[in-house]
Amino acid sequence: MCSLIRKHLQWNLPKMVSPRQTSIYTQRLLSVVTPNITVPPKMKGRFASGEQKRIITEFVTKSNSPIIDWNALKSSVLSINRGYINEKNINGCILETCSQQQRSDLVKSFMKYVKQCSNGKPNIALELLYIRSCYKSRKELTDDDQYEIQINCHSLFKNNRHLLNSVLLEGIVMGICCTPLWRDSLEFIKASKIEDDISVNTLVCIILRAFEEAEIDLGWNLVHNIFNRHRILPLEIVTAWFNLCEKNVNCSHRKILEFLRDNEYIIREDLAELIRNKLKQLGIKTTTTMIYHNNGKCKNCNQILKNVDVTDSEFKILQECFLSNVMIGKNIFNNSSPQELNDFKDFIEITAPYDVVVDGLNLAYAYRGKIGNHSLTKIIMKNFIEKKLKVLLIGRKHLIKMLGKEFDFIKENAQVFFTNDLSKDDPFVLYAAMYSGINTKILTRDLMRGHKFLLHDLHMKSIFQKWLQKHRLGLKIRPGDEVIIKEPIKYLQATQESANGIWHMPYQEYKERGSWSKPDSSPDKWMCIQM
């Protein structure tokens, strides 16, 4: 039955609640929709499928009669052979199109028709699709509609608990959140026993309804739940919070900025623009600015951003937590053999401390060509060695082959440790640096976000982020193959408030998929917010 549900969900159900409408392929091969379509004999494959979709779309967009002949539509579509729409999936395709065209009247009409044809028992996949369609137009639902949905949702949950997965639970929660019994969604989640596999959209639906009902604590608890699980802050949540702030004097827009500050989260440009527009509506001045790297001064307001600082006591707590609870307790080394891990720990105990730990493979892949007659790895290592620094190079064994004869120079003048090719080397880099002490720096382009989020305590995450920023060296290759090792940025690269009430919020520019992105943690832009 589980496979049946998945099979019938081939219409990509999550898109049904997306604010973006799926584009419909509307190539016109025939001019009108009639029950007596004459199909070109050679139409097949994608052309046949395109014509099937065109017939459904045109029927839905042009229908304005209260009496709909759904049988005629299905006959027209199925008369076209070799298209992907068939007897098994045609109901879902029609219902999805009605939803995409925002025809809630046709959604209800078609579902009523399906129930009549199936003795009142449509399949689970179609019921979920119907619920998602209703969720999109939930503001238009009548009391009778809501009552029908809540009955269906409770029935779906009760009768299919043995089949319950994240997709089915998401549909049920979306449905119940359309009704006055929306708080039952929390009981559904609790009873589902799949709390670790709950989708983002499931929680977003509950949060939006909680904010609509001014259930502030419940809403924010779930926001933190989403962030801790998935490291995201959905646009819909921020919009819903600002909407609540307009109606409720006890709610403040500052809550969003405080959330970004406390979690040291650098947001996307689309979310930054949403916040800018909402603040502008409140009469708050926002300015895109830049922060000077040498002193942390804002170009717009001349305020100096906070310094990144980690005390000795904070580092000691982080060191103990990271080395024992995270690195070992969470099986970060599960791709390594016990022997390799023991060899590494023995090696560190004998050779530490270091001035710099270098992520060799990360560095090698950063620039694969030659700079002059040497690899980037050789140039960087030589730079450290000439400064009389004690350096540890960590990489995978195939890096030796990549370095060739240059490896002899590195081996003679620095400490080296190479893991198996299947091992993840970044945990070894962090382990070596933390074991060495608070003054050790690391050279890597890896932001180590995954390791940060294994520290479940918010305070520990903050200390780790500050430690990483303060000790992570940067790298720049200028025209003419000039290699520059950049010292860590000294100001805090996170949302923060100055003493005079001015906020500074960093954010990343929107990047097309596959486009170049910055290899360091420096945000692309800053917003200066003058309350």
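About the thresholds
Residues numbered from 1 in each chain as written. Predicted model: local features only at pLDDT ≥ 70, side-chain atom pairs only at ≥ 80, totals over all residues. Heavy atoms only, no water. Phe/Tyr/Trp six-rings, centres within 6.5 Å; stacked < 30°, edge-to-face > 60°. Helix = DSSP H or I, 4+ residues; strand = E, 2+ residues; numbered from the N terminus. Buried < 20%, exposed > 50% of the residue type's maximum accessible area, 1.4 Å probe, protein only. Lys NZ or Arg CZ within 6 Å of the ring centre and 35° of its normal. Disulfide = S-S within 2.5 Å. Pairing = 2+ DSSP bridges. Axes fitted to C-alpha atoms, helices over the stretch in contact; angles between N-to-C directions. Contact = heavy atoms within 4.5 Å.

Peer 1: Looking at this structure, how should I read the packing of aromatic side chains?
Peer 2: The geometry of an aromatic ring pair is captured by two quantities: the separation of the ring centres and the angle between the planes. Under the criterion given, the structure shown has 20 aromatic pairs. Their ring planes at 65° and their centres at 5.0 Å tell us that phenylalanine 344 and phenylalanine 417 sit as a pair that is edge-to-face. On the criterion of sequence distance, the pair formed by phenylalanine 344 in helix α16 (residues 338-351) and phenylalanine 417 in strand β7 (residues 415-419) is long-range, its members being 73 residues apart. Judged by its relative accessible area of 0%, phenylalanine 344 is buried. Through pairs of rings, three or more aromatic residues link up here, namely Phe211, Trp220, Phe227, Trp241, Phe259 and Tyr265. For the cation-ring pair, lysine 255 lies above tryptophan 220, with the distance from its terminal atom to the ring centre recorded as 5.2 Å. One Lys or Arg, lysine 378, reaches over the ring of phenylalanine 409 and ends 4.9 Å from the middle of that ring.

Peer 1: Just checking my understanding: could you explain the state of the cysteines for this structure?
Peer 2: As used here, a disulfide is simply a covalent bond connecting the sulfur atoms of two cysteines. Inspection of every chain in the model, using the stated rule, returns zero disulfides. The thiol sulfur of cysteine 301 is not disulfide-bonded, and the nearest other cysteine sulfur, from cysteine 298, lies at 3.7 Å.

Peer 1: I keep staring at the sheet that holds strand β10 (residues 482-486) and nothing clicks. Help me out?
Peer 2: Strand-to-strand pairing in sheets goes through backbone hydrogen bonds, with the strands running parallel or antiparallel. Here we have six strands laid out as an open sheet, ordered β7-β6-β3-β8-β9-β10, and mixed in their pairing. Across the chains shown, the open sheet's two edge strands, defined by having one partner strand only, are β7 and β10. The sheet shows a mean angle of 25° between the axes of neighbouring strands, taken without regard to direction. Where strand β8 (residues 441-443) lies against strand β9 (residues 472-478), two bridges are found, and the strand directions are parallel. Bridging across to β9, leucine 443 finds its partner in leucine 473. The sheet contacts of helix α23 (residues 458-471) involve β8 and β9, and relative to β9 the element is tilted by about 40°.

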